[in-house]
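# Working through the structure, step by step
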Amino acid sequence: MTEGTQQTSSDTTAIRPFPQLNVPEAELTDLRRRINATRWPERETVTDDSQGVRLAMMQELARYWATDYDWRACEGKLNALPNFVTEIDGLDIHFIHVRSPHPGALPLIVTHGWPGSIIEQLKIIEPLTNPTAHGATAQDAFHLVIPSLPGHGFSAKPTTTGWDPVRIARAWVELMKRLGYTRFVAQGGDWGAAVTQAMGEQAAPELLGIHSNMPGTAPAAINTAVQRGDPAPPDLTPEEKSAYEQLSSFFATHVAYANIMSTRPQTMYGLADSPVDLAAFMLDHGDGTGQPGLLARALEGQLQSDLTRDDILDNMTLYWLTNTGVSAARLYWENKAAFFNAKNISIPYAMSIFPDELYQAPRSWAERAYPHNLIHYNRLDRGGHFAAWEQPALFAAEMRDSFRSLR
């Protein structure tokens, strides 16, 4: 195969077109019925969100979801893209594959996280594959591959254990090779960061380098101390102390959602039975530097970003229609690796640090962790945990700058 030529044989390695979406109207009617039938609890007893997602916010979101939201608009966007599926390691993996019209484009695989999906990446497809229409040059073009994680979106749900970020990383390399790419780069945040960093540790010869907007940089002693709730060491720089306090706060007050999924994912039957429960749990992610989380702040109009209420509901509705609330949660149960510690990565590593991420990785930690292979480090003035979703233009510019030296 020449580079970028898709294999379409009839065996299990075939690249198969993914069927056009046309959700039966009865499923959308049932979604609205369930939203309207929600049995609401009483209002929180505080004036902030310290007890969780506030009742008024959820009721307003539910009202809009059941009356004004239009899934068909999202369905049309997805159907306009080249969607495929292929079996890897016994599991069907769904992915979007958009090739740039520019010759010499660099193949890039971008991985979403939780509570995200391929919806997160839709706004970066055009800027990355068609850069000349977005103020960049043809030399900045990418061929883009956007897979759905196992148990998420349109990928199959694992029926046995073992699909952790390490296994997914191997599957992503196989996917890129199956698409005919003999050299490529990878990007991810949240679970996408875990998968992409695992790819970096595995260092397949075809992988030129990686990028993350949630990079693991913390020294081992720091990573342990923040989880214990220890006070910050006295010798930290102001930037390091800020990162330490962000991580300490995350483990002390923001990690409840991850604890339940990493220990008892099967118990979360409400995610499959109640759209409002699913939405509230996704909103209470605890992402960002303060409460409420970034998604809730976007709903309240507090973010300077491209993220809209319809964007958020597109993602929530995808989880609902595919019934992947519980299957997605199992990835937390499968994972055994730490998120924020420095990794054993020797291939080129690029980082973009957004101000509303869970923590802003200090340059000093990044340089200490990756002294010979840190090829890009930049602190942005806006954006957060869902960087591609919130700030697609900034994110696309970071991809071009990060990987320019690897072309």
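Residues numbered from 1 in each chain as written. Predicted model: local features only at pLDDT ≥ 70, side-chain atom pairs only at ≥ 80, totals over all residues. Heavy atoms only, no water.

### Structural notes on helix 14 (residues 325-334)
With eight of 10 residues buried, helix 14 is to be regarded as a mostly interior element. For helix 14, every residue scored as buried is listed here: Gly-325, Val-326, Ser-327, Ala-328, Ala-329, Leu-331, Tyr-332 and Glu-334. Looking at the buried positions of helix 14, the neighbouring elements they touch are helix 5 (165-178), helix 6 (191-202), helix 9 (256-263), helix 10 (270-273), helix 11 (275-283) and helix 13 (309-322). (Buried < 20%, exposed > 50% of the residue type's maximum accessible area, 1.4 Å probe, protein only. Helix = DSSP H or I, 4+ residues; strand = E, 2+ residues; numbered from the N terminus. Contact = heavy atoms within 4.5 Å.)

### Description of helix 8 (residues 238-254)
An ideal rise of 1.5 Å per residue puts 24 Å on 17 residues; helix 8 measures up with 23 Å between its terminal C-alpha atoms. Buried residues in helix 8 make contact with helix 7 (220-228), helix 9 and helix 15 (363-369). (Expected span 1.5 Å × (residues − 1).)

### So, the pattern of salt bridges
In this structure the tally under the stated criterion is 21 salt bridges. Between Arg-72 and Glu-75 there is a salt bridge, with its nearest N and O atoms 2.9 Å apart. One end of the pair is Arg-72 and the other is Glu-75, both in helix 3 (residues 71-79) and three residues apart, which spans about a single turn. Classification of Arg-72 as partly exposed rests on a relative accessible area of 27%. Judged by its relative accessible area of 5%, Glu-75 is buried. One network of salt bridges, in which partners are shared, links Glu-25, Arg-32, Arg-72 and Glu-75. (Salt bridge = Lys/Arg side-chain N within 4 Å of Asp/Glu carboxyl O.)

### Remarks on the confidence of the model for the chain
In this model, the chain carries an average pLDDT of 94, and 95% of its residues clear a pLDDT of 70 or more. Ignoring residues within four places in sequence, the model shows residues 1-9, a span with pLDDT below 50, making 31 contacts including any to other chains. In this model residues 287-292 is a low-confidence stretch, pLDDT under 50, and it forms 22 contacts with partners more than four residues away in sequence or in other chains. (pLDDT = per-residue confidence, 0-100.)

### Looking at the packing of helix 2 (residues 55-67) against helix 13
Between helix 2 and helix 13, the shortest axis-to-axis distance is 11 Å and the interhelical angle comes to 75°. Classed by the angle they form, the pair helix 2 and helix 13 counts as roughly perpendicular. Of helix 13, the residues touching helix 2 (which contributes Glu-60, Leu-61, Arg-63, Tyr-64 and Trp-65) are Arg-309, Asp-310, Leu-313, Met-316 and Thr-317. When grouped by side-chain class, the residues that make up the contact of helix 2 with helix 13 number five nonpolar, one polar and four charged. (Axes fitted to C-alpha atoms, helices over the stretch in contact; angles between N-to-C directions. Parallel < 35°, antiparallel > 145°, perpendicular 65-115°, else oblique. Nonpolar A, V, L, I, M, F, W, Y, C, P; charged D, E, K, R; others polar.)

### A closer look at the nonpolar core
One finds Trp-71, Leu-78, Leu-108, Trp-114, Trp-172, Met-199 and Met-316 to be the most contacted residues of the largest nonpolar core, which totals 129 residues. Contact partners of Leu-78, with chain neighbours within four places excluded, come to Leu-21, Trp-71, Asn-83, Ile-118, Ile-119, Leu-122 and Phe-154. (Core = buried A, V, L, I, M, F, W, Y, C linked by side-chain atoms within 4.5 Å.)

### Observations concerning the packing of aromatic side chains
Applying the stated criterion to the full structure yields 16 aromatic pairs. Taking 5.6 Å as the distance between ring centres and 85° as the angle between the ring planes, the aromatic pair formed by Phe-250 and Phe-340 counts as edge-to-face. You can see Phe-250 sitting in helix 8 and its partner Phe-340 sitting in the loop between helix 14 and strand 8 (349-353), a full 90 residues away along the chain. Residue Phe-250 is classed as buried on the basis of its relative accessible area of 7%. (Phe/Tyr/Trp six-rings, centres within 6.5 Å; stacked < 30°, edge-to-face > 60°.)

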